[in-house]
Amino acid sequence: MDQELDRFKRLNLCEYAASVGYRIVRREPTRAGGSRGSTTSSLLMRYATTDDKIVVRLDRDGHWTYFSVRDDRDNGTIVDFVLRRGAPSIAAVREELRSWAGELRPSTSSLASLSASAKGDRAIVRAVYDRARSVPNHPYLNARGIRPETLACPRFAGAWRVDARGDLLFPHRDGPGREDICGFERKNARFAAFSAGGTKTLWTSNARDDDARLVITEAVIDAFSYHQVQPGERTRYLSTSGSIGERQAAHLSAAIARLSPGFPVVLATDNDDAGEKLAEKIGSLAGGARCERHRPPSGKDWNEWLQRCEREFIRSLGHANLGRSR
């Protein structure tokens, strides 16, 4: 018996599927007497982009199995699941699951502890985020012009993490505590996505009692960028993660309402039509708060402006060094 593959088959397939974009839809009744009649319980999960639906369950031998609702050939263990979704070989499956197992270990031994409710989704989201690491720096952010000292700033400490794959995670909360994490943005150089099963609210930096300004950006990277080019010791930051829906609007309105009187709100959304519309919408939610529109001097957003500033800074250093060498 291949002990590593056997160990992989005992990894929580429901949690792995959630980590790659599947979301719990509902609990399915146990199918006693079927080809896998020894199961305990099962969950229906869906991948929104393709509408792929799978039923995931834990067998009494400790192996997690699944079958596709639409394709009878698509079934088996987590090994089959990874192979059917693009892994070119068993060696690639091993590499993928070794990496993932370092990101998220099954926290339970039974599917019965999971639920198709938002509470079950939230538990998975928080488990994934809790397994990620707090780090002082990240090469992708450096490549976007964000300096290590910006990322290490107390304003942002703990407001982002990195998972075992090196992806950035930016948490969203619907309350002030760690237990209130309800979703997270996942980002790297190739893609950006929101956590499967998560609820999109707002990303926020750390706050201080003596803060005197709130800056609202569309992307978290723009918040980092704004801080680097317009540093303010008493400034807190908030990101909408793009356009906002009704739920986010309610959270945003509440966040602004909690500000002290006279606390200015800086609308630092993108310098395009969508950014202008978002700034107008945020302004309509601000109540009596004083709003200030602040566009980047050039470029689409504050990160583009930051990268231009960094390039010019590097060129200036090169000219200075050349002048000293003459």
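Residues numbered from 1 in each chain as written. Predicted model: local features only at pLDDT ≥ 70, side-chain atom pairs only at ≥ 80, totals over all residues. Heavy atoms only, no water.

Details of the overall build of the chain
Right, on to step 1. Secondary structure summary: the chain contains eleven helices and 14 strands in total.
Right, on to step 2. The proportion of buried residues among the 326 residues of the chain is 46%.
Right, on to step 3. Carbon and sulfur atoms make up 49% of the accessible area of the chain, which amounts to about 15900 Å² in all. (Helix = DSSP H or I, 4+ residues; strand = E, 2+ residues; numbered from the N terminus. Buried < 20%, exposed > 50% of the residue type's maximum accessible area, 1.4 Å probe, protein only. Areas by Shrake-Rupley, 256 points an atom, 1.4 Å probe, with all protein chains shown as cover.)

Focus on the environment of tryptophan 302
Right, on to step 1. By the element assignment, tryptophan 302 lies in helix 11 (residues 302-325).
Right, on to step 2. Accessibility expressed as a relative area gives 0% for tryptophan 302, which makes it buried.
Right, on to step 3. Considering only alpha carbons, one finds tryptophan 302 and aspartate 270, 32 residues apart in sequence, at a separation of 7.4 Å.
Right, on to step 4. Excluding residues that lie within four positions of it along the chain, tryptophan 302 makes contacts with Asp222, Ser225, Tyr226, Val229, Gln230, Ala268, His294, Arg295, Pro296 and Pro297.
Right, on to step 5. There is a polar contact of 3.4 Å between the side chain of tryptophan 302 and the backbone oxygen of histidine 294. (Contact = heavy atoms within 4.5 Å. Polar contact = N/O pair within 3.5 Å; in protein donor to acceptor, adjacent residues only side chain to side chain.)

Observations regarding the pairing of strand 4 (residues 64-68)
Right, on to step 1. The buried fraction of strand 4 amounts to five of the five residues, a majority that puts the element mostly inside the structure.
Right, on to step 2. Burial along strand 4 is two-sided: Trp64, Tyr66 and Ser68 and Thr65 and Phe67, pointing in opposite directions, are all buried.
Right, on to step 3. Both strand 3 (residues 52-59) and strand 4 contribute to a ladder of five bridges, which runs antiparallel. Counterpart to arginine 57 in the pairing with strand 4 is threonine 65.
Right, on to step 4. Following strand 3, the chain reverses through four residues before pairing antiparallel with strand 4; glycine 62 in that reversal takes a positive phi of roughly 90°.
Right, on to step 5. Taken together, the three bridges between strand 4 and strand 5 (residues 75-77) define a ladder with antiparallel strand orientation. The residue of strand 5 that forms the bridge with phenylalanine 67 is asparagine 75. (Pairing = 2+ DSSP bridges.)

A look at the packing of aromatic side chains
Right, on to step 1. Tallied over the entire structure, the rule returns twelve aromatic pairs.
Right, on to step 2. Ring centres 4.7 Å apart and planes at 75° place the aromatic pair phenylalanine 156 and phenylalanine 224 in the edge-to-face group. With phenylalanine 156 in the loop between helix 7 (148-151) and strand 6 (161-162) and phenylalanine 224 in helix 8 (residues 220-229), this residue pair connects regions lying 68 residues apart in the sequence. For the residue pair phenylalanine 156 and phenylalanine 224, the accessibility class agrees, reading buried in each case.
Right, on to step 3. Residues tyrosine 226 and tryptophan 302 carry aromatic rings whose centres are separated by 4.8 Å and whose planes lie at 70° to one another, so their mutual orientation is edge-to-face. Taken together, the positions of tyrosine 226 in helix 8 and tryptophan 302 in helix 11 put the pair 76 residues apart, joining distant regions of the chain. Summarising the burial analysis for this pair, tyrosine 226 and tryptophan 302 share the class buried.
Right, on to step 4. Through pairs of rings, three or more aromatic residues link up here, namely Phe156, Phe170, Trp203, Phe224, Tyr226, Tyr237 and Trp302. (Phe/Tyr/Trp six-rings, centres within 6.5 Å; stacked < 30°, edge-to-face > 60°.)

Topic: the pattern of salt bridges
Right, on to step 1. What the rule picks out here adds up to 26 salt bridges.
Right, on to step 2. Several salt bridges share partner residues, and in doing so they unite Asp52, Asp71, Arg73, Asp74, Arg84 and Arg85 into one network. (Salt bridge = Lys/Arg side-chain N within 4 Å of Asp/Glu carboxyl O.)

A look at the sheet that holds strand 7 (residues 168-173)
Right, on to step 1. With antiparallel pairing, four strands are arranged side by side in an open sheet as 6-7-8-9. The two strands at the open ends of the sheet, each matched to only one other strand, are strand 6 and strand 9 (192-194).
Right, on to step 2. When strand 8 (residues 181-187) meets strand 9, the two strands line up antiparallel, connected through three bridges. Bridge pairing in strand 9 places lysine 187 opposite alanine 192.

Observations concerning the confidence of the model for the chain
Right, on to step 1. Here the chain averages 84 in pLDDT, while 85% of its residues score no lower than 70.
Right, on to step 2. In the predicted structure, residues 30-40 sits below a pLDDT of 50 and forms 16 contacts with residues beyond four places in sequence or in another chain.
Right, on to step 3. Here residues 103-118 scores under 50 on pLDDT; set against residues more than four positions off or in separate chains, the count is 47 contacts. (pLDDT = per-residue confidence, 0-100.)

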